[in-house]
Amino acid sequence: MTAQPIIPRTPRAFVSDELAYILPMTAFLLMVWVGGHWPAYYPHTYIARTILAGVLLLVFRRQYTQIRWNHWWLGLFVGILGAGQWIGMQLFLQHHFAFFRPNDDTAFNPFFYFQSGTTRNLFIVWRWILGASVIVPVMEELFWRDFVWRSILAPNDFKLARVGEWDVRAFLVVSLVFAVVHGNWWLTAIIWALLVGSLLAYTRSLGACIVAHATTNFLLGAWVLWQGQWSFW
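Source: prediction; values computed, not measured.

Asker: Describe unusual backbone geometry, naming the residues involved and giving the relevant values.
Answerer: The phi torsion of most residues other than glycine is negative, and most of the peptide bonds are trans. With a phi angle near 60°, H71 is a residue other than glycine that sits in the positive phi range. By relative accessible area, which is 29% here, H71 ends up partly exposed. We note that R204 has phi near 55°; this positive angle belongs to a residue other than glycine.

This is how it looks when you write it as structure tokens:
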């Protein structure tokens, strides 16, 4: 009798591929909502949202599209350009239009929450490096420019669409919805999202978009710490 080859089993996923993309963003936005309603707990909710999103990204990592890092250098360039656009455009809007001004300049100010310099500095590093420059870029690019973009092209099974496959609806809708979740920063966010959407369409590289997002957030954080413009966080 000829021995039958042993075919390894594919581990069964806990959730659908769609939920694997949706849950980290949902957990993150839920903690944003909690922090907005109970601002005294902003540092706690920020740490919680970073941990929740990071853990979920790790748990579901096998269900995500394999990230290609080609054109990463172009992502670096776009990220630098995006940081300048975000800061310059928002400062212009806030100076000329009251609608775009923040409601509370102290809302994200770590000096408002921490008496201890060591604790404050640890939170700043967590907020700037781990949160804004690592977790958020990976989570948001997987959600917006991988899952949502491809779902617009192939709503019955988003994985039938290719990463970065051009479609004007996806290009515009992703940028507009991305802007909505940024509150009164929506106009600045639209332009930034169109910039990164163009990068995706040109390179079809999710990695390049992650690099662009991380670079913008890192430079924005550096500028916030330098200028003390805490509302930009």
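Asker: How would you summarise the layout of surface pockets if you had to cite specific residues and measurements?
Answerer: Of the voids in this model, the largest pocket is the one considered here, and its volume is about 1400 Å³. V32, F108, V181, H182 and W233 are the residues nearest the centre of the largest pocket, which is lined by 42 residues in total. Those elements that provide at least two residues to the lining of the largest pocket are helix 1 (17–37), helix 2 (42–59), helix 4 (110–113), helix 5 (117–153), helix 6 (168–180) and helix 8 (206–227). For the lining of the largest pocket, the element with the most residues is helix 1, which contributes 8 residues.

Asker: Give a description of the packing of aromatic side chains that names residues and reports values.
Answerer: Counted by the stated rule, this structure contains 28 aromatic pairs. Each ring, one from F99 and one from F100, has its centre 5.1 Å from the other, and the planes form 85°; the classification is edge-to-face. Note on F100: relative accessible area 8%, which makes it buried. Ring centres of W166 and F171 lie 5.2 Å apart, and the angle between their planes is 50°; this geometry places the pair in the tilted category. Look at F171 and you get buried, because its relative accessible area is 14%. The side chain of R145 reaches across the aromatic face of F178, ending 5.4 Å from its centre.

Asker: Before we move on, can you summarise the environment of L130 with the specific residues and values?
Answerer: Among the structural elements, L130 can be located in helix 5. The spacing of L130 and I51 is 79 residues in sequence and 9.7 Å in space, taken between C-alpha atoms. Discounting chain neighbours no more than four positions away, the residues touching L130 are T50, V125 and I135.

Asker: Can you lay out the nonpolar core for me, pointing to particular residues and giving the numbers?
Answerer: Formed by 51 residues in total, the largest nonpolar core has its most connected members in Y64, W86, W144, W149, L199 and F232. Among the secondary structure elements, those contributing two or more residues to this core are helix 1, helix 2, helix 3 (72–96), helix 5, helix 6, helix 7 (186–203) and helix 8. The greatest single-element share of this core, amounting to 12 residues, is contributed by helix 5. Counting 6 residues, the second-largest nonpolar core is a separate cluster that includes Y42, Y46, Y113 and F123.

Asker: Break down empty space enclosed by the protein for me, citing the residues and quoting the values.
Answerer: Scanning the model with the defined rule gives 1 cavity of 30 Å³ or more in all. Estimates place the volume of the largest cavity at around 30 Å³. Y21, P24, M25, L57, Y64, M139, L142 and F143 together form the lining of the largest cavity. Counting residues per element, the ones that place at least two in the lining of the largest cavity are helix 1 and helix 5.

Asker: So, the environment of V174: which residues are in play, and what are the values?
Answerer: Mapped onto the fold, V174 is located in helix 6. C-alpha of V174 to C-alpha of G197: the two residues are 23 residues apart in sequence and 8.2 Å apart in space. Filtering out sequence-adjacent residues up to four positions away, V174 remains in contact with W144, R145, V148, W149, I152 and R169.

What counts and how
Residues numbered from 1 in each chain as written. Predicted model: local features only at pLDDT ≥ 70, side-chain atom pairs only at ≥ 80, totals over all residues. Heavy atoms only, no water. Buried < 20%, exposed > 50% of the residue type's maximum accessible area, 1.4 Å probe, protein only. 1 Å grid on protein atoms, 1.4 Å probe; cavity = no way out; pocket = protein on both sides within 12 Å on 5 of 7 lines; lining within 4 Å. Points joined across faces, edges and corners; volume = space filled by probe spheres on them. Helix = DSSP H or I, 4+ residues; strand = E, 2+ residues; numbered from the N terminus. Phe/Tyr/Trp six-rings, centres within 6.5 Å; stacked < 30°, edge-to-face > 60°. Lys NZ or Arg CZ within 6 Å of the ring centre and 35° of its normal. Contact = heavy atoms within 4.5 Å. Core = buried A, V, L, I, M, F, W, Y, C linked by side-chain atoms within 4.5 Å.

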